[in-house]
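# A closer look at the structure
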Amino acid sequence: MSNEQVSFREAFRYWLKLGFISFGGPTGQIAMMHKDLVEKKKWIAEDHFLQALNFCMLLPGPEAQQLATYIGWLLNGKWGGIIAGGLFVLPSIFILWLFAWLYASLGSVPTVAAFFYGLKPAVVAIVFEAVLRIGKKSLKTGFLYSLAAAAFVGIYVFNIPFPVIVLFAGLIGYAAGTRYPGLFPQAASDTMPHKPISPVAERAAASRSKGWQRFVKVLAVFLSLWSLPVVLIGLWRGWNDTFIDIGILFSKAAVVTFGGAYAVLGYISQQAVSHYHWIMPEQMMDGLGLAETTPGPLIMVNQFVGYLAGYYHAQGLSPALGGAIGGLLTTWVTFIPSFMMIFLLAPYIETLRKNESLGKALSAITASVVGVVLNLAVMFTHHTLVPDAGGFDWYALAAAVIAFVGMQWLKWGMVPVIIGSALAGLLWKTIL
């Protein structure tokens, strides 16, 4: 099928459907798009899909949402990209908004509290499973293992900020890749024959403007959109307000968190829990559990954190209004940068993909992310097994082990594990 045959209406229907059924985290979402777009609809060739995926994985932010945005842009131009990326997120915004309101309003009700008690062991298992999955893909050499270990020690022992870890990992990777390339795994392109990009995709990419005037225009538009709500809130409530902190924190998270949603969680946990004291570690785990059970990007857990920050800390506003503003502001500053990076850089995808030095730096960053996610897993485990109420929670340990074994070796799905764990926790608390 040629690029011209993919009508905007047909594409719109597909992206709308995907927004409501995109469960399973980034891995499941990417697999779903591959099956639909490459195998069934044949809108994009296999090699071009993989090339687009590699490009999106080089960027900070949610790779599945960025991949949808890129393919939408490729097929139907700028509005195709906006619709694809927007509909990928939109259903989860309203679903998680409702969940966050119910959580903040009813979280102290015994039945609801028991439900969230059951979620925590599943979250521990999910994050440890993510450590193994990301590590297996990323840590191919002893040097990369060393970087991951150093990142873990840096954030766990010395509380080094996540952006600093990312910066130093990237610099070390760039320098080491230039002088000692043997420290990194051999690129697949060195051992496999290169597959040419499909003619259809090549024509589509060639039809997109790459001029500097376009670059400047896109940059100006998205920077204005990105900063507008923060500026308006600053003029309304002052520049020392909680909402300003929310806007700045999640804006930084959007541009420094390479490695997908779990890398974002490591940074947000460090800031929202330890620095700003907006939420407790247990609440971060509850948010992750809710985000895992809703369609859309896992990074939507940010909206949950922003909602609670506004709900509890927005002075002079009702909690529900403060939460709504905090949650929507968080989502806005999280995803506008993702759109911006796709629209800015997609025309130069081939150049970026072939830059070996950049690839080495990003390999090092991804390795450091493994250490950061491991820190997240350790923190979640501690707060689950040794709750603030005191004692050791043997039920939580058993439930977490069962969930981990089920996902790792029995191939249990993430959503069934979340739901089953929550119901088991509810039953356990009811029996007690």
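Read on for an overview of the structure. (Residues numbered from 1 in each chain as written. Predicted model: local features only at pLDDT ≥ 70, side-chain atom pairs only at ≥ 80, totals over all residues. Heavy atoms only, no water.)

### A short note on the overall build of the protein chain
Stated precisely, the cut-off is as follows: A helix here means a DSSP run of H or I that spans at least four residues, while a strand means a run of E at least two residues long, and both kinds are numbered starting from the N terminus. Accessible area is worked out with a 1.4 Å probe on protein chains only. A residue is then buried under 20% of its type maximum, exposed over 50%, and partly exposed in between. Pairs of residues are marked as contacts when any of their non-hydrogen atoms sit within 4.5 Å. Using a 1.4 Å probe, accessible areas were evaluated by the Shrake-Rupley method; residue-level cover was limited to the displayed protein chains.
Check the secondary structure of the protein chain and you find 19 helices and 0 strands. By the burial criterion, 53% of the 432 residues in the protein chain qualify as buried. Considering only intrachain contacts with a sequence separation of at least 6, the fraction spanning at least 24 residues in the protein chain is 77%. Surface exposure of the protein chain reaches about 19,300 Å², of which carbon and sulfur atoms provide 69%.

### What to know about the pattern of salt bridges
In plain terms, the rule: Put simply, a salt bridge is a Lys or Arg side-chain nitrogen that is within 4 Å of an Asp or Glu carboxyl oxygen.
Under the criterion given, the structure shown has 3 salt bridges. In this structure, the salt-bridge partner of R133 is E129, at a minimum N-O distance of 2.6 Å. Here E129 and R133 lie together in helix α5 (residues 110–138), a separation of 4 residues that amounts to about one turn. Judged by relative accessible area, R133 falls into the partly exposed class, the value being 21%. Residue classification places E129 among the buried positions, given a relative accessible area of 13%. Close ionic contact of D241 with R237 constitutes a salt bridge, the shortest N to O distance being 3.0 Å.

### Remarks on the packing of aromatic side chains
For the record, the criterion: Whether two aromatic rings pair depends on their centres lying within 6.5 Å, for rings of Phe, Tyr and Trp, where Trp uses its six-membered ring; planes under 30 degrees apart make the pair stacked, over 60 edge-to-face, and the rest tilted.
Evaluation of the coordinates by the stated rule reveals 17 aromatic pairs. Geometrically, the ring pair formed by Y103 and F304 is edge-to-face, given 5.1 Å between the ring centres and 65° between the ring planes. Taken together, the positions of Y103 in helix α4 (residues 63–106) and F304 in helix α14 (residues 301–313) put the pair 201 residues apart, joining distant regions of the chain. For F304, a relative accessible area of 1% corresponds to the buried category. Relative to F184, the ring of F143 lies with its centre 5.5 Å away and its plane at 65°, an arrangement referred to as edge-to-face.

### Here we look at the side chain of Q283
Take Q283: it is sitting in helix α13 (residues 281–292). Those residues in contact with Q283 that sit more than four places away from it in its chain are Y103, F304, L308 and Y312.

### What about helix α11 (residues 242–256)?
Selection criterion: Working rule for helices: expected span equals 1.5 Å times residues minus one. Throughout this description, a polar contact denotes any pair of N or O atoms lying within 3.5 Å of each other; where both atoms belong to protein, one of them has to be capable of donating a hydrogen while the other can accept it, and for residues adjacent in sequence the pair is counted only when both atoms sit in side chains.
The end-to-end C-alpha separation of α11 is 21 Å, in line with the 21 Å expected for 15 residues at 1.5 Å each. Within α11, 11 of the 15 residues are buried, which leaves the element mostly enclosed by the surrounding structure. Looking at α11, one finds that the buried residues are T242, F243, I244, I246, G247, L249, F250, S251, A253, A254 and V256. In this structure D241 caps α11, since a side-chain oxygen of it lies 3.0 Å from the backbone nitrogen of F243.

### Some thoughts on the nonpolar core
How we decide: We define the nonpolar core as a collection of buried residues of types Ala, Val, Leu, Ile, Met, Phe, Trp, Tyr and Cys that are connected through side-chain atoms lying within 4.5 Å of one another.
With 128 residues, the main nonpolar core has W15, M33, L67, Y70, I71, I268 and F380 as its most contacted residues. Ranked by the residues each element gives to this core, the list is headed by α4, at 18 residues. Discounting residues that sit within four places of it in the chain, L67 has contacts with I30, M33, F49, A52, L53 and C56.

### With respect to a positive patch on the surface
Defined as follows: Put simply, a patch holds well-exposed residues, over 30% relative accessible area, that have no salt bridge, with like charges counted together within 9 Å and Val, Leu, Ile, Met, Phe, Trp or Tyr side chains within 5 Å. In this count, Lys and Arg are taken as positive residues and Asp and Glu as negative ones, while His and the chain termini are left out. In this description, the location of a charge corresponds to atom NZ of lysine, CZ of arginine, CG of aspartate or CD of glutamate.
Together, R9, R13, K17, K35, K40 and K41 make up a positively charged patch on the protein surface. Positionally, R9 belongs in helix α1 (residues 8–21). Among the residues examined, R9 registers a relative accessible area of 64% and is labelled exposed.

### As for the packing of α5 against helix α18 (residues 394–408)
Stated formally: Angles shown run from 0 to 180 degrees and are taken between the N-to-C directions of axes, each axis being a line fitted to C-alpha atoms and, for helices, limited to the stretch in contact. Angular relationships are summarised with four words: roughly parallel below 35 degrees, roughly antiparallel beyond 145, roughly perpendicular across 65 to 115, and oblique for the angles in between. Definitions for this section: a left-handed crossing has its near helix turned counterclockwise from the far helix by less than a right angle. A right-handed crossing has that turn clockwise. When residues are grouped by polarity, Ala, Val, Leu, Ile, Met, Phe, Trp, Tyr, Cys and Pro land in nonpolar, Asp, Glu, Lys and Arg in charged, and all others, Gly among them, in polar.
The geometry of α5 relative to α18 is characterised by a closest axis approach of 8 Å and an angle of 45° between their N-to-C directions. Taken as axis vectors, α5 and α18 run oblique relative to one another. As for how α5 packs across α18, the hand of that crossing is right-handed. Contact with α5, carried on its side by Y117, P121, A122, V124, A125, I126, F128, E129 and L132, involves Y395, A396, A399, A400, A403, F404, M407 and Q408 of α18 and no other residues of that element. Across the contact of α5 with α18, the residue classes break down as 15 nonpolar, 1 polar and 1 charged.

### A word on helix α7 (residues 162–179)
Selection criterion: What the arc describes is the spread of directions from the helix axis to the C-beta atoms.
Over its 18 residues, α7 runs 26 Å from end to end, which matches the ideal 26 Å to within 8%, given 1.5 Å per residue. All of the buried residues in α7 are F162, I165, V166, A169, G170, G173, A176 and G177. One face of α7 carries all of its buried residues, which in axial projection span an arc of 145°. In α7, the exposed residues that point more than 90 degrees away from the buried face are L167, L171, T178 and R179.

### A few points about the environment of A169
Relative to the helices and strands, A169 is located in helix α7. Distance in space between the C-alpha atoms of A169 and I365 is 5.2 Å, their sequence separation being 196 residues.

### Some details on the packing of α4 against α14
Where α4 contacts α14, the axes come no closer than 9 Å and their chain directions differ by 40°. In terms of their interaxial angle, α4 and α14 are classed as oblique. When you trace α4 past α14, the crossing you get is right-handed. Residue-level contacts link I93, L96, W97, A100, W101, Y103, A104 and S105 of α4 to V301, Q303, F304, Y307, L308, Y311 and Y312 of α14.

### Some thoughts on unusual backbone geometry
Even without being a glycine, K42 presents a positive backbone phi close to 55°. Following the sequence through the fold, K42 ends up in the loop between α2 (25–40) and α3 (46–57). Residue K42 is classed as exposed on the basis of its relative accessible area, which comes to 53%. Residue K411 is not a glycine yet carries a positive backbone phi of 60°. Summarising the element assignment, K411 is placed in the loop between α18 and α19 (414–431).

Worth remembering: the numbers are spatial, not functional.
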